[in-house]
Amino acid sequence: MRRHIRPFLFTALAASCSMAFAASTDQAPTGRLPSWAVPQSYQIAFKVDPAQADFSGTTTIKVKLTQASDHVWLDGAELKVSKVTVTDAAGKSRDAKYVEADPKAGVARVDFGGTLPAGEITLQFDYTAPLNAQLQGLYKVTAKGQPYAMTQMEPISARFAFPSFDEPGFKTPFDISITLPEKDVAVANTQQVSEKAAGQGWKTVTFAQTLPLPTYLVAFAVGPWDITPTAEISPDAYRSKPLPLRGIASAGEAHRMSHVISETPSIIHALENYYGFGYPWDKLDVLAAPDFAAGAMENAGLVTFRDWLLLLDKDSPARNVRGSFNVTAHELAHQWTGDTVTLAWWNDIWLNEAFATWMQEKVTEEVHPEYRADLDRVRGAQGAMANDSLVSARKIRQPITGNGDIMTAFDGITYQKGASVIGMFENYVGEQTFQKGMHAYIEAHKFGNATADDLVNAIATAAGKGDDFKHAFKSFLDQSGVPYVQTALEQKNGQTVLTLKQSRYLPLGSHGDSQRIWGIPVCVRYGTADGSKVACEMLDKATGSVALPGASNPTWVMPNANAAGYYRFSLGKNELAALTKEVAKLSDTEQLAYADAIHASFEHGDLDAGQALAALQPLTASKTSQVSTAPLGQVSWIYHHVAKTDAQRARIADWVKAAYLPKLEALGYQRKAGESDDDSLLRSTLASELGLDYKLPEVRAELLKQGEAALQKGADGRLNLTAANPDLLGEALGVAVQTQGKSAVDALIAELPQTSDPALRNGILGGLASVDDPALAEQVRDFAISKPVKVGEMASLLRSGRDTPAQRDAMWTWFTGHYPQILGRTGSFAGGALPMLAGAGGCSTGEAQRLQSFFKPRMNDAAGISRGLAQTSESIELCAALAAKQSPASITR
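To start, this report covers the structure provided alongside it. (Residues numbered from 1 in each chain as written. Predicted model: local features only at pLDDT ≥ 70, side-chain atom pairs only at ≥ 80, totals over all residues. Heavy atoms only, no water.)

## Concerning the state of the cysteines
Part 1 of the reasoning: For the structure shown, the criterion picks out 2 disulfides.
Part 2 of the reasoning: With a sulfur-sulfur separation of 2.1 Å, C523 is cross-linked through a disulfide to C536. Taking the torsion about the sulfur-sulfur bond, which here is approximately 110 degrees, the covalent link between C523 and C536 counts as right-handed. Linking C523 in strand β25 (residues 520-528) with C536 in strand β26 (residues 531-539), this pair joins segments that are 13 residues apart in sequence.
Part 3 of the reasoning: Each sulfur of the disulfide joining C843 and C879 lies 2.0 Å from the other. Since a negative S-S torsion denotes a left-handed disulfide, the C843-C879 link at about -90 degrees is left-handed. Of this pair, C843 sits in the loop between α26 (834-839) and α27 (845-855) while C879 sits in helix α28 (residues 865-885), and the two are 36 residues apart along the sequence.
Part 4 of the reasoning: Sequence-ordered numbering of the bonded cysteines in the protein yields a pairing of 1-2, 3-4. (Disulfide = S-S within 2.5 Å. Helix = DSSP H or I, 4+ residues; strand = E, 2+ residues; numbered from the N terminus.)

Here it is as structure tokens:
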């Protein structure tokens with residue numbers, strides 16, 4: 001998705017056109033298309049053979065002109081339009097002219113050859129286009145040597161598949177028909193209604209008209225797809241008919257979709273019960289894509305996923321099984337928030353993604369409470385805070401100035417921060433009240449569009465709140481940053497009071513302005529004689545306070561009760577010591593909030609490494625894996641950036657070993673009958689950290705046994721990858737690669753093209769990514785940009801191996817030497833990630849400077865590079881500032 005909007009003067013292009021198509025002098029739109037031309041419906045017909053390089057299409061659009069005009073602007077990219085016809089309201093047709101204004105803009109103009117009055121017109125386009133090679137628009141993939149074609153239109157890639165008004169605010173019905181080889185199968189958003197012969201070796205399949213959709217939700221797929229027998233999701237109070245459900249996979253793989261087919265009905269029922277509104281489309285297909293740019297896509301009625309999320313069996317890694325449910329719940333939540341009610345413009349993409357993230361967590365807690373979605377919510381918010389602490393962070397409602405802003409909007413700010421903010425205000429007004437507001441919001445805007453104001457107003461009305469509430473909610477939407485609530489305990493008039501002071505959280509070395517005000521619902525848990533209580537206040541000024549009635553004296557405070565708030569907090573030295581003593585009595589969510597407070601204080605420069613290690617140590621005793629492993633990220637940073645001597649590194653390794661090796665040894669290195677998937681996930685986490693990061697000999701020995709067994713060749717010359725615990729395959733192969741060197745690397749590189757199982761492929765990629773020999777690392781990087789590695793897999797081989805300056809220098813040299821190949825393979829949909837791919841992990845001013853020097857002349861190579869460069873450079877500079885502040889001696893104090 002490299003389309004970057006550039007302003008231009010159309011008259012320069014028009015000079016070469018015949019006088020019949022002379023253009024008026026208006027410029028091509030640099031943002032939204034003009035509102036005076038509104039599509040009313042589409043008929044889109046395609047002729048697709050996935051074995052070929054190109055496809056052809058005919059697109060017919062009914063358009064309402066609200067003013068007279070001699071042209072319309074719309075979207076089209078890489079389309080070779082051979083004929084355009086415009087038919088006026090009287091039924092008179094004439095030839096028109098199509099000009100793609102700028103290859104990088106994806107904006108085109110249709111000239112009518114004369115002025116048409118306001119009213120309805122019909123545009124018809126005949127064209128051909130390439131099957132895309134960068135996983136956008138209508139693109140081509142291969143599985144087991146067989147070609148497939150499928151779509152990914154979001155955010156602005158429908159223009160690669162057909163001429164269109166490619167914006168979310170234009171919702172219309174679509175009629176879709178596909179002519180394809182008679183041996184192949186076609187699926188689309190709606191149910192098939194007819195099939196007929198279309199010449200020798202071809203057939204045409206027609207689908208039912210869709211309900212109103214934006215272009216980015218149009219979806220179809222062609223190829224030798226394998227489809228499960230149709231299941232039915234039973235009717236309920238909100239849907240009177242059974243819902244047809246199918247799984248779709250590449251040839252021979254549909255049998256592995258039984259797990260997701262069995263889980264999906266519970267998700268649909270949970271969503272219908274919450275929204276009080278039945279699933280709106282005529283069927284539900286879930287498709288396992290052989291290669292895919294995103295994790296999944298919520299196309300109405302045809303939801304597409306990375307194949308490893310859907311192709312599951314009894315030996316699938318636990319992370320894949322849990323991820324499958326969570327991602328499926330997220331995408332199906334979109335069928336209401338996103339598909340039924342759609343954002344009006346891309347600055348409100350949070351209305352889609354934040355709500356789907358928030359709703360997925362609610363569904364998961366209902367259907368699979370053992371997955372602990374409540375902890376995922378907290379960890380997701382804390383991950384977003386790392387980005388939100390940057391001066392260059394996006395707002396949730398970031399103004400859209402070009403395609404780069406659209407491309408980089410799909411980040412942790414939109415998803416996890418947005419979901420956390422929703423949850424915070426749901427907690428403030430109450431779950432039932434919030435649900436009432438959501439019902440009103442969906443009902444008012446179903447099959448249409450909405451804005452943030454619509455949502456906030458609906459919740460405020462349901463809660464009986466006024467402008468103060470709306471201002472507080474919007475204070476989190478319309479400004480970037482993490483609120484930082486500094487606290488102090490005081491005694492006032494015989495009562496215990498917690499004073500509050502808010503500012504923007506900025507880590508050490510930041511050049512941002514900390515003076516910022518939010519409307520923060522602050523809730524505090526505090527100690528009482530018989531346990532604890534919670535007190536809440538809306539902090540909407542720079543300072544405030546919370547009274548703590550019944551507090552014990554002395555007391556302790558947890559300034560983010562239940563971790564329900566999207567903010568960070570700090571405590572004075574005595575208050576922190578008191579809370580540390582009580583940390584085991586906190587809820588799991590609050591213990592995660594405590595871990596983040598320690599992390600925030602460390603990055604703020606308030607705690608040194610030794611103090612951070614001491615404060616985090618009590619968490620390691622938790623029986624909840626997400627809590628016990630929460631310190632690992634901070635400890636790893638100290639290990640790599642603070643420890644300078646062998647004694648200091650050994651001190652940290654001993655800390656980690658004492659905290660976690662007994663847990664891993666109790667779990668063992670093989671699955672146990674009946675064990676929870678939480679145990680499987682913890683085993684994977686600890687094996688990776690202890691075996692690959694800290695290189696504990698006893699852990700590496702166990703992983704090496706499995707890695708060596710997996711590398712043994714059978715009589716057919718194939719590796720025995722199933723010999724390893726599927727949850728540890730990547731870690732086991734990683735240790736084998738580090739131990740055996742080139743023979744292991746060569747064996748895995750040879751095996752990948754022969755392996756179609758997505759979980760086994762991920763294991764191979766994980767093993768190769770662990771290579772630490774410089775020459776072999778170069779070999780793996782070269783392999784990453786070769787054909788056997790899927791486009792969607794490439795980054796997994798390029799993100800690792802950055803712990804030392806020497807490793808980062810080697811990656812930098814390779815990246816800059818292979819930049820054209822990397823850009824050609826991924827720049828179209830991942831421009832914002834290119835600077836991170838080149839420089840992530842850097843921790844010196846020199847690394848930040850070289851990143852700036854390289855990318856500044858290349859800002860227009862792909863949409864989103866500018867923001868990616870700003871954020872990666874700032875992260876590197878902050879790491880350098882924090883590292884410079886450290887005293888290594890604090891580790892062994």
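## Structural notes on helix α16 (residues 646-667)
Part 1 of the reasoning: Between its first and last C-alpha, α16 extends 30 Å over 22 residues, near the 32 Å set by a 1.5 Å rise per residue.
Part 2 of the reasoning: Largest kink in α16: about 40 degrees, centred on Y660, with the proline P662 one to four residues after it.
Part 3 of the reasoning: Those residues of α16 that sit buried are Q648, I652, A653, W655, V656, A659, Y660, L661, L664 and L667.
Part 4 of the reasoning: On its buried face, α16 is in contact with α13 (609-616), α14 (625-628), α15 (632-641), α17 (677-693) and α18 (697-711).
Part 5 of the reasoning: G668 sits one or two positions beyond α16 and adopts a positive phi of about 80 degrees. (Expected span 1.5 Å × (residues − 1). Bend = angle between axes of the 7 residues up to and from the residue. Buried < 20%, exposed > 50% of the residue type's maximum accessible area, 1.4 Å probe, protein only. Contact = heavy atoms within 4.5 Å.)

## Considerations on the layout of surface pockets
Part 1 of the reasoning: In this structure, the second largest pocket spans a volume of roughly 770 Å³.
Part 2 of the reasoning: In terms of lining, the second largest pocket is formed by 30 residues, of which the most central are V141, T142, A143, K787 and K790.
Part 3 of the reasoning: At the level of elements, β8 (137-143) and α21 (758-769) are the ones that each hand at least two residues to the lining of the second largest pocket. (1 Å grid on protein atoms, 1.4 Å probe; cavity = no way out; pocket = protein on both sides within 12 Å on 5 of 7 lines; lining within 4 Å. Points joined across faces, edges and corners; volume = space filled by probe spheres on them.)

## As for the pattern of salt bridges
Part 1 of the reasoning: Taken as a whole and assessed by the stated rule, the structure comprises 49 salt bridges.
Part 2 of the reasoning: Close ionic contact of E253 with K144 constitutes a salt bridge, the shortest N to O distance being 3.0 Å. Of this pair, E253 sits in the loop between β17 (243-249) and α2 (258-275) while K144 sits in the loop between β8 and β9 (146-152), and the two are 109 residues apart along the sequence.
Part 3 of the reasoning: Each of the salt bridges in this network shares a partner with another, and the network as a whole consists of K144, E253, R256, D313 and D757. (Salt bridge = Lys/Arg side-chain N within 4 Å of Asp/Glu carboxyl O.)

## What about the nonpolar core?
Part 1 of the reasoning: Core analysis: the biggest nonpolar cluster contains 276 residues, and F162, W350 and F815 have the highest contact counts within it.
Part 2 of the reasoning: Among residues more than four places away in sequence, those in contact with F815 are I822, L834, L837, A838, F854 and F855. (Core = buried A, V, L, I, M, F, W, Y, C linked by side-chain atoms within 4.5 Å.)

## Some points on empty space enclosed by the protein
Part 1 of the reasoning: Counted by the stated rule, this structure contains 5 cavities of 30 Å³ or more.
Part 2 of the reasoning: The volume enclosed by the largest cavity comes to roughly 110 Å³.
Part 3 of the reasoning: As for the largest cavity, its lining consists of 15 residues, and the residues nearest its centre are Q382, M385, N560, G565 and Y567.
Part 4 of the reasoning: Those elements giving two or more residues to the lining of the largest cavity turn out to be α5 (373-388), β29 (568-570) and α12 (588-604).
Part 5 of the reasoning: Residues of the lining of the largest cavity, tallied by class, amount to 8 nonpolar, 4 polar and 3 charged. (Nonpolar A, V, L, I, M, F, W, Y, C, P; charged D, E, K, R; others polar.)

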